[in-house]
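# Summary of the model geometry
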Amino acid sequence: MEELQKAGLYIDEIYRLRVQDPRIANQTIELRQECLEYSRNLQELKKFGEDFYKISNNFAKDVEKEKLRAIGTQNQLKTMAKQRQSEQQVYQSQILEQTVELERLKSEYQYLQRIESEQQDIINNFLMNQ
């Protein structure tokens, strides 16, 4: 058996003739299995990474949509506030116009009352003198 080992030949535990030392062959098989396990773990990690990327990317898209919606809502509120302010200014100018018109009509009414009173006095004087 030593002669075979010197020639680089070995006999394994089931009495097969091997070119490689059975201990080294077993270590090679164990190393291959560990490498395959490591490769499977790397593939699983890669899958987790891709899944995380997809989820975070979808989340980012949802956040961006909500952000744009919030900005749109803010713009609508600002527009509504400006419209209300504009309407308020229109109403205030209408109130001012109506107030000026009311004052004019009051003055005209007082003038007409004075004329009426004067005419009534004239009529009364005319009737008394007859």
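Reading the values: the criteria
- Residues numbered from 1 in each chain as written.
- Predicted model: local features only at pLDDT ≥ 70, side-chain atom pairs only at ≥ 80, totals over all residues.
- Heavy atoms only, no water.
- UniProt positions renumbered as here; feature names shortened; annotations may be inferred.
- Helix = DSSP H or I, 4+ residues; strand = E, 2+ residues; numbered from the N terminus.
- Rg over C-alpha atoms; globule rule 2.2 N^0.38 Å.
- Buried < 20%, exposed > 50% of the residue type's maximum accessible area, 1.4 Å probe, protein only.
- Areas by Shrake-Rupley, 256 points an atom, 1.4 Å probe, with all protein chains shown as cover.
- Lys, Arg positive; Asp, Glu negative; His and termini not counted.
- Charge placed at Lys NZ, Arg CZ, Asp CG, Glu CD.
- Salt bridge = Lys/Arg side-chain N within 4 Å of Asp/Glu carboxyl O.

Going by an unreviewed UniProt entry, the protein chain carries the name Intraflagellar transport protein 20 homolog and comes from Drosophila albomicans. Comment text from UniProt for the protein chain, heading Subcellular location (unreviewed entry), reads "Cell projection, Cilium".

Let us look at the overall build of the protein chain. When you go through the protein chain residue by residue, the secondary structure sums to two helices and two strands. Along the chain direction, N to C, the helices and strands of the protein chain fall in the order α-β-β-α. The C-alpha radius of gyration of the protein chain comes to 53 Å, more than 25% above the 14 Å expected for a compact globule of 130 residues. In terms of principal-axis extent, the alpha carbons of the protein chain reach across some 170 × 20 × 10 Å. Across the 130 residues that make up the protein chain, the buried fraction comes to 3%. For the protein chain, the exposed surface amounts to about 12,500 Å²; the carbon and sulfur share of it is 56%. If the 19 positive side-chain charges of the protein chain are averaged to one point and the 22 negative ones to another, these points end up 7 Å apart.

Our next topic: the pattern of salt bridges. Opposite charge on two side chains permits them to pair, given that their charged atoms come into close proximity. Applying the stated criterion to the full structure yields five salt bridges. Arg69 serves as the salt-bridge partner of Glu66, at 2.8 Å between the closest nitrogen and oxygen. Taken as a pair, Glu66 and Arg69 lie in helix H2 (residues 22-129) at a separation of three residues, close to a single helical turn. On the basis of relative accessibility, which here comes to 44%, the residue Glu66 falls in the partly exposed class. Where Arg104 meets Glu108, a salt bridge forms, and the shortest distance between an N and an O atom there is 3.0 Å. With Arg104 and Glu108 both in helix H2, this residue pair falls four residues apart, about one helical turn. Residue classification places Arg104 among the partly exposed residues on the basis of a relative accessible area of 43%. Salt bridges here are not isolated pairs; linked through shared partners, they connect Glu101, Arg104 and Glu108.

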